[in-house]
Amino acid sequence: PTSKAELQKSYKNRVVADVKDFKKLGAAIDNGVTEGKAWVDFFIEYQRREADSNGRSYAAYVDLVGNKELSGCGVLLASSFAKAGKPAENLPSVKKYKALAKNI
């Protein structure tokens, strides 16, 4: 993606995919499943060999909130609404994302 709109769309698609994986994990927990695909798809911290169909190189948790080496798509999406040359930290979307990320 090259335009701001294309980047926002790709970040949104990744966030939606992350939430779907989170819901699958919740269903697995509700069914008493404590290991397996739903857990791996959400929590594994290793980079995939190839990005999935949503462009995610990592499992849902790392893709959404990031890790030591990279920012997650959640903060990238929240920051993408900043005007060029303006810091994103004061945007309502960034503040709300940071509050949410603390609780994940």
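Just so we're clear, the structure is a prediction, and the values are computed from it rather than from any experiment.

S.K.: When you look at the overall build of the protein chain in this model, what are you seeing that I'm missing?
M.R.: On a plain count of helices and strands, the protein chain comes out with 5 helices and 0 strands. Element order for the protein chain, N to C, with α for helix and β for strand: α-α-α-α-α. Seen through its principal axes, the protein chain has C-alpha atoms that stretch 50 × 30 × 25 Å. With 104 residues in all, the protein chain has 30% of them scored as buried. In the protein chain, once contacts between residues fewer than 6 apart in sequence are set aside, the share between residues at least 24 apart is 36%. When the accessible surface of the protein chain is summed, it comes to about 7300 Å², and 56% of that surface belongs to carbon and sulfur atoms. Charge separation in the protein chain, taken as the distance between the mean sites of 18 positive and 12 negative side-chain charges, equals 10 Å.

S.K.: Whenever I open this one, helix H1 (residues 4-30) confuses me. Can you help?
M.R.: An α-helix turns once per 3.6 residues; consequently, residues spaced three or four apart project the same way. Between its first and last C-alpha, H1 extends 39 Å over 27 residues, near the 39 Å set by a 1.5 Å rise per residue. The complete set of buried residues in H1 reads Gln8, Tyr11, Arg14, Ala17, Asp18, Asp21, Leu25 and Ala28. Buried residues along H1 sit in contact with helix H2 (37-43), helix H3 (60-65) and helix H4 (73-79). Positive backbone phi, at 80°, marks Gly32, one or two positions downstream of H1.

S.K.: What is the right way to look at the environment of Ser71 in this model?
M.R.: Among the structural elements, Ser71 can be located in the loop between H3 and H4. When residues no more than four places from it in sequence are discounted, the contact partners of Ser71 are Gly66 and Leu76.

S.K.: How do you make sense of a nonpolar patch on the surface when you look at a structure like this?
M.R.: Together, Val40, Ile44 and Tyr46 make up a nonpolar patch on the protein surface, roughly 320 Å² of accessible area in all. Among the structural elements, Ile44 can be located in the loop between H2 and H3. For Ile44, a relative accessible area of 35% translates into the label partly exposed.

Cut-offs used in this document
- Residue numbers restart at each chain and count upward from 1, following the sequence in its written direction.
- Confidence filtering applies because this is a predicted model: local features only for residues at pLDDT of at least 70, side-chain atom pairs given and counted only at 80 or more, and all residues used for totals across whole chains, interfaces and linings.
- Only hydrogens and water are set aside when side-chain values are computed; all heavy atoms of the structure are taken into account.
- Labels follow the DSSP assignment, with helices taken as runs of H or I lasting at least four residues and strands as runs of E lasting at least two, numbered in each case from the N terminus.
- Relative accessible area decides the class of each residue, using a 1.4 Å probe on protein chains only: under 20% of the type maximum gives buried, over 50% gives exposed, and in between gives partly exposed.
- The contact rule is simple, with two residues in contact once any of their heavy atoms fall within 4.5 Å.
- The Shrake-Rupley method, run with a 1.4 Å probe, gives the accessible areas here. Residue values count only the displayed protein chains as cover.
- Positive residues here are Lys and Arg, negative ones are Asp and Glu, while His and the chain termini are left out of the count.
- Just so you know, the charge point we use is NZ for Lys, CZ for Arg, CG for Asp and CD for Glu.
- One less than the number of residues in a helix, times 1.5 Å, gives the span that helix is expected to have.
- What makes a patch is a set of residues exposed beyond 30% relative accessible area and free of salt bridges, joined within 9 Å when like-charged and within 5 Å when nonpolar (Val, Leu, Ile, Met, Phe, Trp, Tyr).
- We count a salt bridge whenever a side-chain nitrogen from Lys or Arg sits within 4 Å of a carboxyl oxygen from Asp or Glu.

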